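Here are the chains, one letter per residue:
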Amino acid sequence: MPLVSMRQLLDEAAKGGYGVGAFNVNDMEQIQAIMMAAKETKSPVIVQASRGARQFAEDLYLFRLIEAAAELNPEIPIAMHQDHGNSFETCKSAIELGFTSVMMDGSLKSDGKTPSTFEENVEVTRKVVDFAHERGVTVEGEIGVLGGVEDGHGAGGSGLDHITDPDQAVEFAERTGVDALAIAIGTSHGAYKFTKKPDGSVLKMDILIAIHKRLPKTHLVMHGSSSVPKDLQDIVNKYGGKLKETWGVPVEEIQLGIRNGVRKINVDTDNRLAITGAIRKVLWETPEKFDPRDYLKPAREAMKAVVALRMTQFGQAGHAGDYKPVSIEEIAKGYKDGSLSTRPLVASK
Ligand SMILES: [Zn+2]
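Now for a description of the structure that goes with this document. (Residues numbered from 1 in each chain as written. Predicted model: local features only at pLDDT ≥ 70, side-chain atom pairs only at ≥ 80, totals over all residues. Heavy atoms only, no water.)

1. Focus on the pairing of strand 8 (residues 262-267)
- Most of strand 8 sits inside the fold, with six of its six residues counted as buried.
- Pairing analysis gives three bridges linking strand 7 (residues 219-222) to strand 8, with the strands arranged parallel. The residue of strand 8 that forms the bridge with valine 221 is lysine 264. (Buried < 20%, exposed > 50% of the residue type's maximum accessible area, 1.4 Å probe, protein only. Helix = DSSP H or I, 4+ residues; strand = E, 2+ residues; numbered from the N terminus. Pairing = 2+ DSSP bridges.)

Here it is, written out as structure tokens:
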């Protein structure tokens, strides 16, 4: 199957009432792990690369690996997404490379650290939407600022510093026409999200629900949504790691989000922990080993297990065969004639 538009994938998820995990990749083993899990669970999937990943792997290596994944798995719809684009240029280069979706994170300035103004965010996001939609490519925006830092990207601080204001979210969606919107409801990037198990006072699920009611056509995105399970932390620490105790986003909270308009859930930390734990275990238990395959294979298996579990929990499992891919050209037409508009004024008519 050719790579599909993320918009189509999320529209289908909305129809089916499920969420789709967006898993970060940097190398071949991670891409293989995701595809193994997608195949096993028959899941449509979003594969995403941050700027750091594109730098680490080099654009062409990374993109050709994704093309191989699509060719080897014709029954799986795959969207290729730029995670946290920091500027118009980053998004443009991803689109020119062949990504079918981009995130323009205009909540921060192009340094990827300093919060921007609302007007700056609207301006740069709208510019990306114009360029992307003309080419049938999906755009995710962000309003409010997430906590933490990952891959050198993020404002740092707590996830509660810049919670999304629903009125601003509506105005942002109207003025930019984004397909998907990342909102800040208290989640953070990285492994250290919460110092205790989060509850209703930490995760602002009521804000998420309020935004979904007013933006029924805009797909909501939860970032920083690894669950950071204790068993994965324990494996890392058992074999010489030194992770401090931490809590992620409970799966039940994500499922509550999915019942209220969340269609894309970003997961990275859990996979990093699974890989690192598996590699540590092999090197700890059998220090005489030096063939990279001896630890990369269990690492790939460990990541596959986490991804397959999330696919089942998010509800995307079993849905790979529900629909035929719509060509990117067809999607571009839908943006042009307005049939794919998500703008709330159009949606409420
Ligand atoms: Zn993120």
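2. Observations regarding the packing of aromatic side chains
- A full pass over the atoms with the stated rule returns three aromatic pairs.
- Ring plane angle 15° and centroid distance 6.2 Å describe the contact between phenylalanine 63 and phenylalanine 99, whose orientation is recorded as stacked. One end of the pair, phenylalanine 63, is in helix 4 (residues 59-72); the other, phenylalanine 99, is in the loop between helix 5 (88-97) and strand 4 (101-104), and 36 residues separate them in sequence.
- Overall, the relative accessible area of 8% leaves phenylalanine 63 in the buried class.
- One residue, arginine 54, lies across the ring of phenylalanine 99, its end atom 5.7 Å from the ring centre.
- Sitting above the plane of the phenylalanine 131 ring, arginine 135 keeps its charged end 3.6 Å from the centroid. (Phe/Tyr/Trp six-rings, centres within 6.5 Å; stacked < 30°, edge-to-face > 60°. Lys NZ or Arg CZ within 6 Å of the ring centre and 35° of its normal.)

3. Here we look at the sheet that holds strand 3 (residues 78-85)
- Within the closed barrel, the eight strands sit side by side as 1-2-3-4-5-6-7-8. Their pairing is parallel. Strand after strand, the sheet turns through a mean of 25° between neighbouring axes, direction not considered.
- With three bridges connecting them, strand 1 (residues 20-24) and strand 2 (residues 45-49) associate as parallel partners. Looking at the pairing, alanine 22 lines up with isoleucine 46 of strand 2.
- Relative to strand 7, helix 8 (residues 205-214) is tilted by about 160°, and along the sheet it contacts strand 6 (180-183), strand 7 and strand 8. (Axes fitted to C-alpha atoms, helices over the stretch in contact; angles between N-to-C directions. Contact = heavy atoms within 4.5 Å.)

4. What about the nonpolar core?
- One finds Ile34, Val45, Val47, Ile78, Leu181, Ile183 and Leu208 to be the most contacted residues of the largest nonpolar core, which totals 71 residues.
- Beyond its immediate sequence surroundings of up to four residues, isoleucine 183 is in contact with Ile143, Thr164, Leu208, Ile211, Leu220 and Val221.
- Formed by 15 residues, the second largest nonpolar core is a distinct cluster that contains Leu10, Ala13, Ile46 and Tyr323. (Core = buried A, V, L, I, M, F, W, Y, C linked by side-chain atoms within 4.5 Å.)

5. Digging into the coordination of the zinc ion
- Looking at the metal site, the zinc ion is ligated by His84 (NE2), His189 (NE2) and His223 (ND1), spaced 2.0 to 2.1 Å from it.
- Mapped onto the sequence, the donors of the zinc ion take the spacing H-x104-H-x33-H. Residue histidine 84 is located in strand 3, and its partner histidine 189 is located in the loop between strand 6 and helix 8; the two are separated by 105 residues in the primary sequence.
- Relative accessible area serves as the criterion here: at 7%, histidine 84 is assigned to the buried category.
- Classification of histidine 189 by relative accessible area gives buried; the value is 8%. (Donors = N, O, S within 2.8 Å, 3.2 Å for Na, K, Ca; no water.)

6. A few points about the environment of asparagine 86
- Along the chain, asparagine 86 turns up in the loop between strand 3 and helix 5.
- Residues asparagine 86 and arginine 51, spaced 35 residues apart in sequence, show a C-alpha to C-alpha distance of 8.4 Å.
- Excluding residues that lie within four positions of it along the chain, asparagine 86 makes contacts with Arg51, Met104 and Ser110.
- Only 3.3 Å separates the side chain of asparagine 86 from the side chain of arginine 51, close enough to count as a polar contact.
- Within the local environment of asparagine 86, its side chain forms a polar contact with the side chain of threonine 90, the two groups lying 2.6 Å apart. (Polar contact = N/O pair within 3.5 Å; in protein donor to acceptor, adjacent residues only side chain to side chain.)

7. Structural notes on unusual backbone geometry
- Positive phi, close to 55°, is recorded for lysine 42, a residue that is not glycine.
- Tracing the sequence through the fold places lysine 42 in the loop between helix 2 (28-41) and strand 2.
- You can call lysine 42 exposed: its relative accessible area is 52%.
- Even without being a glycine, glutamate 58 presents a positive backbone phi close to 75°.
- Following the sequence through the fold, glutamate 58 ends up in the loop between helix 3 (51-57) and helix 4.

Purely geometric stuff here, so don't read any function into it on its own.
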